[in-house]
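Fold and contact review
Each chain, letter by letter, is given below.
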Amino acid sequence: MKHVKYGKCVRCGKTYEAVLDLTSCECGGILDIVYDYDYIRTRLTREKLAGRTEQSMWRYRELLPIEETTEPTPLRVGWSPLYEEPRLAEALGLKRLWVKDDGQNPTASLKDRASAMAVAKAREAGARVIACSSTGNAASSLAGNAAAAGLKTYIFVPSRAPKGKVAQLMTFGATVVSVQGSYEDTFELSKQAIEKWGWYNRNAAINPYLSEGKKTVALEIMEQLNWEVPDYIAISVGDGCTIAGLWKGLKDLHAIGFIDHLPRLISAQAEGCCPLNRSIETGEPWRPMEENTLADSIAVGVPRNADKALMAIRESNGLAVNVSDQEIMAAQKLLGRTCGVFGEPAGVTGAAGVKKLCEQGKLGKDDTVVSVVTGNGLKDVANAIAACGEPITIPGDMDRLLAAFAEKGVTVD
Ligand SMILES: *Cc1c(COP(=O)(O)O)cnc(C)c1O
Ligand SMILES: [Zn+2]
């Protein structure tokens, strides 16, 4: 990998050769992949990119830590749509608003970007088995992307994981361990099992290549905006790998001169579980919190990538916003009704944060915002129905239909 210099610890600065099984620093810090931007600039231009037909995250291969000969993974990951939403922008009082629907990835979440990277690196390493622990989406995306590549998976999820995600895991043929405990307990058990059996490790904070996959969401947003930088990009935060990856992508583009400045990040967490935002707000080191929110994908009481996430939010002069479960449910309904975009609770938490910041007057008519929807609502139908209600249920009879419409005050146009 001529374009990759090394992995560098974000805590102590120690560097490591970018070997295939690169993990965390011996000090416990997380590694960041450092590129040779001068070399990349000689290989990739905006024009060259514009001429590419590959419509997946692999169109950015010069900016990804893979060998030149590594094949794209089989499922189409990335190149999700970026919709401009003028009506929602107007309703919220923003100048312009875009929604990046990453629920349209093959297994229906942004995690596919990291899992495709895990599969690509596992293939480079000649590994046959990959393992991970996850609140649900990392698991289902790994299982799906690995199945397509003919690799075996061992997956650890907390027993609270929604049925939709578990159904994906079982369908993709993973060996699934549902851990009766918190995400923290799940992570620890997976770590011990991975050490014992030597599986390729897809745990996002530990494997530094994975946030390089996640960063492709930033590369796409900027290419889709024709390299015009929005004022803000909003995203939900659990472990912190996603927001850190987003920031890394933006910094890469800045370093190679594709964008001329950087946007500010909006870190959205659930009120009931916001250890990272609490640290931003108080200026104190983060401390664990209960995992008290219906947004299961970001119910992370002990964030695994706190260092990188906090650095990203601070460096970008970002905003931290916490939203209640009610606000998350309201955002789910709002995005569905004004945009036709169906996000899972954690998927719409960024949008809930944007709405709240607009109501607080922290965002307004001069601001342009991209809100990333990180996961699809079909992952968790129980919460969608709780947010949006039950249908009119009647026998197949016209008189009953008329009566029901009259009773519910439904007007027919
Ligand atoms: C994992 C996930 C997040 C948060 O990503 P982290 O890297 O844990 O911060 C947000 N939304 C969805 C749908 C996710 O699956
Ligand atoms: Zn270190």
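To keep things clear, this report deals only with the structure shown in the data block.

1. A closer look at the sheet that holds strand β3 (residues 31–35)
Taken in spatial order, the three strands line up as β2-β1-β3 in an open sheet, and their pairing is antiparallel. The open sheet has two edge strands with one neighbour each: β2 (15–16) and β3. In this structure, strand β1 (residues 4–9) lies alongside β2, joined through two bridges in antiparallel fashion. Counterpart to Gly7 in the pairing with β2 is Tyr16.

2. A look at the coordination of the zinc ion (ligand 2)
Here the zinc ion (ligand 2) is held by the protein donor atoms Cys9 (SG), Cys12 (SG), Cys25 (SG) and Cys27 (SG), which lie 2.3 Å from it. Coordination geometry of the zinc ion (ligand 2): the four donor atoms subtend angles of 103 to 118 degrees at the metal centre, consistent with an arrangement described as tetrahedral. Positions of the donor residues of the zinc ion (ligand 2) along the chain correspond to the pattern C-x2-C-x12-C-x1-C. Classification of Cys9 by relative accessible area gives buried; the value is 3%. Taking relative accessible area as the criterion, Cys12 reaches 48% and is therefore assigned partly exposed.

3. What about the packing of aromatic side chains?
For the coordinates displayed, the defined rule picks out five aromatic pairs. Their ring planes at 20 degrees and their centres at 5.2 Å tell us that Trp197 and Trp199 sit as a pair that is stacked. Overall, Trp197 belongs to the exposed group, its relative accessible area being 53%. Here Trp227 and Phe258 contribute two aromatic rings whose centre-to-centre distance is 5.2 Å and whose plane-to-plane angle is 80 degrees, an arrangement assigned as edge-to-face. Residue Trp227 is found in the loop between α9 (216–224) and β10 (232–236), and its partner Phe258 is found in the loop between α10 (241–255) and β11 (264–270); the two are separated by 31 residues along the sequence. On the accessibility criterion, Trp227 (10% relative accessible area) is buried. Assessed through its relative accessible area of 5%, Phe258 is described here as buried. Chaining the aromatic ring pairs together yields one cluster made of Tyr154, Trp197 and Trp199. For Arg59, the ring lying beneath its charged end belongs to Trp79, and the centroid distance is 4.4 Å. Above the ring of Tyr209, the side-chain terminus of Lys121 is found at 4.5 Å from the ring centroid.

4. A short note on the site of ligand 1
Close to ligand 1 lie 16 residues, the nearest being Lys111, Gly238, Gly240, Thr242 and Thr374. At a separation of 2.7 Å, an oxygen atom of ligand 1 approaches a polar backbone atom of Gly240. Taking Thr374, its side chain carries an N or O atom lying 2.6 Å from a nitrogen atom of ligand 1. Contact with the protein chains covers 97% of the free accessible surface of ligand 1, which is 380 Å². Here the shell around ligand 1 is composed, by residue class, of four nonpolar, eight polar and four charged.

5. Structural notes on the packing of helix α5 (residues 137–148) against helix α6 (residues 163–171)
Closest axis-to-axis distance for the α5/α6 pair is 8 Å, and the angle between their directions is 25 degrees. The orientation of α5 relative to α6 falls into the category roughly parallel. Of the two elements, α5 crosses α6, and the hand of that crossing is left-handed. Counted together, Asn137, Ala139, Ser140 and Ala143 of α5 and Lys165, Gln168 and Leu169 of α6 form the full contact between these two elements. Classifying every residue of the contact of α5 with α6 by side-chain character gives three nonpolar, three polar and one charged.

6. Side note on the pattern of salt bridges
Under the definition given, this model contains 26 salt bridges. Lys248 is the partner of Asp32 in a salt bridge, and the nearest nitrogen-oxygen pair spans 3.4 Å. With Asp32 in strand β3 and Lys248 in helix α10, this residue pair connects regions lying 216 residues apart in the sequence. Asp32 gets classed as partly exposed once you look at its relative accessible area, which sits at 22%.

Scoring rules and cut-offs
Residues numbered from 1 in each chain as written. Chains lettered and ligands numbered in written order. Predicted model: local features only at pLDDT ≥ 70, side-chain atom pairs only at ≥ 80, totals over all residues. Heavy atoms only, no water. Pairing = 2+ DSSP bridges. Helix = DSSP H or I, 4+ residues; strand = E, 2+ residues; numbered from the N terminus. Donors = N, O, S within 2.8 Å, 3.2 Å for Na, K, Ca; no water. Tetrahedral: all angles 85-135°; square planar, octahedral: opposite > 155°, others 65-115°. Buried < 20%, exposed > 50% of the residue type's maximum accessible area, 1.4 Å probe, protein only. Phe/Tyr/Trp six-rings, centres within 6.5 Å; stacked < 30°, edge-to-face > 60°. Lys NZ or Arg CZ within 6 Å of the ring centre and 35° of its normal. Near = heavy atom within 4 Å. Polar contact = N/O pair within 3.5 Å; in protein donor to acceptor, adjacent residues only side chain to side chain. Areas by Shrake-Rupley, 256 points an atom, 1.4 Å probe, with all protein chains shown as cover. Nonpolar A, V, L, I, M, F, W, Y, C, P; charged D, E, K, R; others polar. Axes fitted to C-alpha atoms, helices over the stretch in contact; angles between N-to-C directions. Parallel < 35°, antiparallel > 145°, perpendicular 65-115°, else oblique. Left-handed = near helix turned anticlockwise from the far one by under 90°. Contact = heavy atoms within 4.5 Å. Salt bridge = Lys/Arg side-chain N within 4 Å of Asp/Glu carboxyl O.

Treat this as a map of the structure, not an account of what it does.
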